[in-house]
Amino acid sequence: MKHKFSIIILLFLWMLPYLGFGGIRIKELARVQGVEQKPLVGYGLVVGLNGTGDTRRTNFTTQSVVNMLQRFGLNVPESQMRVRNVAAVMVTTEAPSFLVAGDRLAVNVSSLGDAKSLEGGLLLMTPLMDESGELYAMAQGAVSVGGFSVQTTGGGGVRQNHTLVGSIPEGAVLQKTLGEEYSYGDTLFLSLRNGDFTTGQRMVDAINQKFNQDLAFDKNPRTIGVQIPDAYRQTGQQSKFISELEQIEIDPDVPARVVINERTGTVVVGGNVKLLPAAVAHGNLSVEIQSQPIVSQPAPFSQGQTVVVPNTQATVYTDEGKMTAISATASVQEVAQALNTLGLTPRDIIAVLQALKEAGSLQAELKIM
């Protein structure tokens, strides 16, 4: 049986320093400490669903509807509630710093019970609170799921995208101000999104070179301190200094890493990955099992019973594996060429990379998702 090669999909994480496109701005590599985002969460109800809401098995949805109706002066026993147009949801968002009361935020809405779809639903007024339970915003509006789900009476259906999670653009109104002023002080601190000694030192050198002063220093691999020059502090132009600081470009250093997703057969090779000399032989083994039912009929007047006996046959196919030598590589392009010369499928490439790592040839961190 001939081996059928599928299309090999290799996604390469090209590093900009190797391609000569210049550096990456500090704005993308770090954030200014003190400018935070406050996560908010709330529990609410989505109404107006077309029979795709929570069933009676979701008790908290029924209780929520009863409590809501009581606030409107309606007393309906919980045992009489038969509502399929309502779904209990969790509403989440993140509020950036320095927003004032009245500003709007986008919110995400996620089903909490056993609803089948939030399509066409409307989120009722939902309070959004922080981790301490303090109210910060109120959310309400039509839920957009970006898809559809149609169920048939026979158990089939058609679905596009995931319809149990939706969003409401500008669906929350902030109820209180999240800080009006930022305390600059004499020194501000930058938090690297990916802590690294080399990247931090390059950032320090680039900042000092830009302003021609020894302003920056590394506090630890993830935190960089920067003194605000007197010329900016005395004139009240600290924001201008931060803006200029964020535009400085550097070449970040990243570890050599190979990321593998075994579920999809995706392999991502980082730009710093190298291979030491190795020889690889990879063959494929496939087992095919076929089962056909055979009806065993008893003889006439034998008082026997007709039985169905399965006839199972197993066939084993093997492909010849050829030994291929891989020379030492110095770039991700050469790694790709070395793997492509083996003529492997994505699943085979995953197995070969794991074996190369165990053999010490793959000089990179192997991360499996």
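Just so we're clear, the structure is a prediction, and the values are computed from it rather than from any experiment.

Q: Residues and numbers for the overall build of the chain, please.
A: Counting its secondary structure elements, the chain contains eight helices and 24 strands. Counting only residues that meet the buried cut, the chain has 32% of its 369 residues in that class. Taking as baseline every contact in the chain between residues at least 6 positions apart, the subset at least 24 positions apart corresponds to 71%. In the structure as shown, the chain presents an accessible area of about 22200 Å², 52% of it carried by carbon and sulfur atoms.

Q: Could you give me a rundown of the sheet that holds strand β4 (residues 37–47), with the residues and numbers involved?
A: One closed barrel holds the six strands; their spatial order is β4-β5-β6-β11-β8-β7, and the pairing between them is antiparallel. Neighbour-to-neighbour, the strand axes of this sheet turn through a mean angle of 30°, independent of strand direction. When strand β6 (residues 104–111) meets strand β11 (residues 165–174), the two strands line up antiparallel, connected through six bridges. Residue pairing for β11: Arg104 is matched across the bridge by Val173. Packing of helix α3 (residues 59–71) onto the sheet brings it into contact with β4, β5 (87–96) and β7 (122–129), and relative to β4 it is tilted by some 85°.

Q: Can you tell me about the environment of Leu192, naming the residues and giving the values?
A: With respect to the helices and strands, the residue Leu192 is situated in strand β12 (residues 187–192). Linking Leu192 and Met203, residues eleven residues apart in sequence, is a C-alpha distance of 9.8 Å. Beyond its immediate sequence surroundings of up to four residues, Leu192 is in contact with Leu29, Ala30, Thr199, Gly200, Met203, Pro221, Arg222 and Ile224.

Q: So what about helix α6 (residues 238–246)? Which residues, and what values?
A: For α6, the full list of buried residues reads Gln238, Phe241, Ile242 and Leu245. All buried residues of α6 fall inside an arc of 100° around its axis, so they share one side.

Q: Any details on the sheet that holds strand β14 (residues 223–227)? Residues and values, ideally.
A: Pairing within the open sheet is antiparallel, and its four strands lie in the order β3-β12-β14-β13. Where the open sheet ends on each side, the last strands, each with one partner, are β3 (30–32) and β13 (216–220). The mean angle between the axes of side-by-side strands here comes to 30°, regardless of whether they run parallel or antiparallel. The strands touched by helix α4 (residues 197–211) within the sheet are β3, β12, β13 and β14, with β13 carrying the most contacts at an inclination of about 160°. Where α6 meets the sheet, it contacts β3, β12 and β14, and its direction lies at approximately 30° from that of β12.

Q: Can you explain helix α8 (residues 346–359)? Please cite residues and give values.
A: Counted at 1.5 Å a residue, the expected span for α8 with its 14 residues is 20 Å, and the 20 Å between its end C-alpha atoms agrees. Among the residues of α8, Pro346, Asp348, Ile349, Ile350, Val352, Leu353 and Leu356 are the ones counted as buried. The first or second residue beyond α8 is Gly360, which carries a positive phi of 85°.

Q: I'd like to hear about the packing of aromatic side chains, residue by residue, with values.
A: Inspection of the entire model under this criterion finds four aromatic pairs. Ring geometry for Phe189 and Phe217: centres 6.4 Å apart, planes at 90°, overall edge-to-face. One end of the pair, Phe189, is in strand β12; the other, Phe217, is in strand β13, with 28 residues separating them in the sequence. Judged by centre distance (5.3 Å) and plane angle (55°), the rings of Tyr232 and Phe241 are tilted. The exposure classification of Tyr232 matches that of Phe241, with both residues buried. Positioned above the aromatic ring of Tyr136 is the side chain of Lys176, whose terminal nitrogen or guanidinium carbon lies 4.9 Å from the ring centre.

Q: I'd like to hear about the nonpolar core, residue by residue, with values.
A: Val91, Val109, Leu123 and Leu128 are the most contacted members of the largest nonpolar core, which has 24 residues in total. Of all the secondary-structure elements, those providing two or more residues to this core are β4, β5, β6, β7, β8 (135–142) and β11. Ranked by residue count, the leading element in this core is β5, at four residues. When neighbours within four sequence positions are excluded, Leu128 is seen to be in contact with Leu40, Val41, Gly42, Val91, Thr93, Val107, Glu134, Leu135, Tyr136, Ala137, Ala139 and Ala172. Ile228, Tyr232, Ile242 and Ile248 belong to the second-largest nonpolar core, a separate cluster that totals 23 residues.

Q: Account for the side chain of Asp54, naming residues and giving values.
A: Within the fold, Asp54 resides in the loop between β4 and α3. One buried charge, Asp54, has no salt-bridge partner; the nearest side chain with opposite charge is Arg84, at 7.3 Å. Other than its neighbours up to four places away in sequence, Asp54 contacts Thr61, Val83, Arg84, Val86, Ala87, Ala88, Gly113, Asp114 and Ala115.

Q: I'd love a proper account of the pairing of β5, names of residues and values included.
A: The sheet contact formed by β4 and β5 spans ten bridges and is antiparallel. Residue pairing in the sheet places Gly44 in a bridge with Val89 of β5. Note: β5 against β6, four bridges, orientation antiparallel. Bridged to Thr92 within β6 is Asn108.

Rules of the game
Residues numbered from 1 in each chain as written. Predicted model: local features only at pLDDT ≥ 70, side-chain atom pairs only at ≥ 80, totals over all residues. Heavy atoms only, no water. Helix = DSSP H or I, 4+ residues; strand = E, 2+ residues; numbered from the N terminus. Buried < 20%, exposed > 50% of the residue type's maximum accessible area, 1.4 Å probe, protein only. Contact = heavy atoms within 4.5 Å. Areas by Shrake-Rupley, 256 points an atom, 1.4 Å probe, with all protein chains shown as cover. Pairing = 2+ DSSP bridges. Axes fitted to C-alpha atoms, helices over the stretch in contact; angles between N-to-C directions. Arc of directions from axis to C-beta. Expected span 1.5 Å × (residues − 1). Phe/Tyr/Trp six-rings, centres within 6.5 Å; stacked < 30°, edge-to-face > 60°. Lys NZ or Arg CZ within 6 Å of the ring centre and 35° of its normal. Core = buried A, V, L, I, M, F, W, Y, C linked by side-chain atoms within 4.5 Å. Lys, Arg positive; Asp, Glu negative; His and termini not counted. Salt bridge = Lys/Arg side-chain N within 4 Å of Asp/Glu carboxyl O.

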